[in-house]
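Here's the letter readout for the chains.
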Amino acid sequence: AQTVTQSQPEMSVQEAETVTLSCTYDTSESDYYLFWYKQPPSRQMILVIRQEAYKQQNATENRFSVNFQKAAKSFSLKISDSQLGDAAMYFCAYSDNNDMRFGAGTRLTVKP
Amino acid sequence: EAGVAQSPRYKIIEKRQSVAFWCNPISGHATLYWYQQILGQGPKLLIQFQNNGVVDDSQLPKDRFSAERLKGVDSTLKIQPAKLEDSAVYLCASSSWTGGPEAFFGQGTRLTVV
């Protein structure tokens, strides 16, 4: 079964600085998608960014970008110019034709 | 476009009682997921539907949990009888096809079993 591992239970960043959240996954599939979701205290899961495995170019959404290393099965999220509103749980997720699996999450704190 | 609707938002029950959660996915989304999220953990997939057929229910505790998706639209997740360890947030999500675009989530139902 596919597994998703987030090795950083908690991370902290100063407002306006940059932080990188790590994620690794295990799969034997060649075609799949990877996602980063944000879950604020309201618990609504919000999609931050998505990466298709067949694309070599790393996805970017405004202040959010990923470093996708397919051979290493690594998918990290970089948040630039961190804002107070970025504070939340961040989940890495993997999806293929079978199902969608999540990592354990990283709690991000943003210090003013 | 309306999002994924879930009800109720909160539920408190005593152990051994039964409870049901309802989910209405985004219109046209064929894939529907139910996740269990225990406090401090990531969502754990309980069951996945493609239209009204079950794709994956390998992690559903079938002795007490059941789910159905009539007519391939709304879905209901039931727990009978509930145990203390079932206390969690139950998230429903939908996507337009399996393994394709992202899943869209509802706000979840927080279940407390006392």
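First, a word on scope: everything that follows refers to the structure included in this document. (Residues numbered from 1 in each chain as written. Chains lettered and ligands numbered in written order. Predicted model: local features only at pLDDT ≥ 70, side-chain atom pairs only at ≥ 80, totals over all residues. Heavy atoms only, no water.)

## As for the overall build of chain A
- The number of helices and strands found in chain A is zero helices and 12 strands.
- Each helix and strand of chain A, placed in order from N terminus to C terminus, yields the pattern β-β-β-β-β-β-β-β-β-β-β-β.
- Compactness check: chain A gives a C-alpha radius of gyration of 13 Å against a globular reference of 13 Å for 112 residues, within 12% of the reference.
- C-alpha extents for chain A along the principal axes are approximately 40 × 25 × 20 Å.
- Counting over 112 residues, chain A shows a buried share of 51%.
- In chain A, the proportion of contacts linking residues at least 24 apart, taken out of those at least 6 apart, comes to 54%.
- Approximately 5,400 Å² of chain A is accessible, and the part contributed by carbon and sulfur atoms is 44%.
- Between the averaged position of the 11 positive side-chain charges in chain A and that of its 12 negative side-chain charges there is a distance of 2 Å. (Helix = DSSP H or I, 4+ residues; strand = E, 2+ residues; numbered from the N terminus. Rg over C-alpha atoms; globule rule 2.2 N^0.38 Å. Buried < 20%, exposed > 50% of the residue type's maximum accessible area, 1.4 Å probe, protein only. Contact = heavy atoms within 4.5 Å. Areas by Shrake-Rupley, 256 points an atom, 1.4 Å probe, with all protein chains shown as cover. Lys, Arg positive; Asp, Glu negative; His and termini not counted. Charge placed at Lys NZ, Arg CZ, Asp CG, Glu CD.)

## Remarks on the interface of chain A and chain B
- Each partner contributes residues to the interface: chain A has 21 residues there, and chain B has 29 residues.
- Here chain A meets chain B over a buried area of about 1,900 Å², counting both sides, of which 46% is carbon and sulfur.
- Taken as a group, Arg43(A), Gln44(A) and Met100(A) account for 32% of the area that chain A buries against chain B, more than any other trio of residues on that side.
- Joining chain A to chain B, the criterion identifies two salt bridges. (Buried area = accessible area lost by both parts, 1.4 Å probe. Salt bridge = Lys/Arg side-chain N within 4 Å of Asp/Glu carboxyl O.)

## A short note on the nonpolar core
- Among the nonpolar cores identified, the biggest contains 25 residues, and Tyr25(A), Trp36(A), Phe75(A), Leu77(A) and Tyr90(A) are the most heavily contacted of them.
- Going through the elements one at a time, strand 3 (19–21), strand 5 (33–39), strand 6 (46–52), strand 8 (64–69), strand 9 (74–79), strand 10 (88–95) and strand 12 (106–111) of chain A are the ones with two or more residues in this core.
- Top element by residues in this core is strand 10 of chain A. It accounts for four residues.
- Sequence-distant contacts of Tyr90(A), that is, excluding residues within four places in its chain, are made with Gln6(A), Leu21(A), Trp36(A), Tyr37(A), Lys38(A), Val48(A), Phe64(A), Leu77(A), Ile79(A), Gly105(A), Thr106(A) and Leu108(A).
- Listed in part, the 21 residues of the second largest apolar core include Val19(B), Leu32(B), Trp34(B) and Ile47(B). (Core = buried A, V, L, I, M, F, W, Y, C linked by side-chain atoms within 4.5 Å.)

## Topic: the pattern of salt bridges
- Taken as a whole, this structure holds eight salt bridges over all chains when the rule is applied.
- Residues Glu102(B) and Arg50(A) are paired through a salt bridge, measuring 2.7 Å at the closest nitrogen-oxygen approach. Taken together, the residues span two chains, with Glu102(B) in the loop between strand 9 (88–95) and strand 10 (104–105) and Arg50(A) in strand 6.
- Salt bridges linked by common partners bring Arg50(A), Glu52(A), Lys55(A) and Glu102(B) together as one network.

## Some details on the pairing of strand 8 of chain A
Residues and elements named next belong to chain A.
- Sheet topology places strand 7 (residues 60–61) next to strand 8; two bridges connect them, and they run antiparallel. Paired with Glu-61 across the bridge in strand 8 is Phe-64.
- Taking the residues between adjacent antiparallel strands as the criterion, strand 7 and strand 8 are bridged by two residues, where Asn-62 takes a positive phi near 55°.
- Sheet topology places strand 8 next to strand 9; six bridges connect them, and they run antiparallel. Looking across to strand 9, one finds that Val-66 is bridged to Leu-77.
- Where strand 8 folds back on strand 9, the antiparallel hairpin that results is connected by four residues, among which Lys-73 adopts a positive phi of roughly 55°. (Pairing = 2+ DSSP bridges.)

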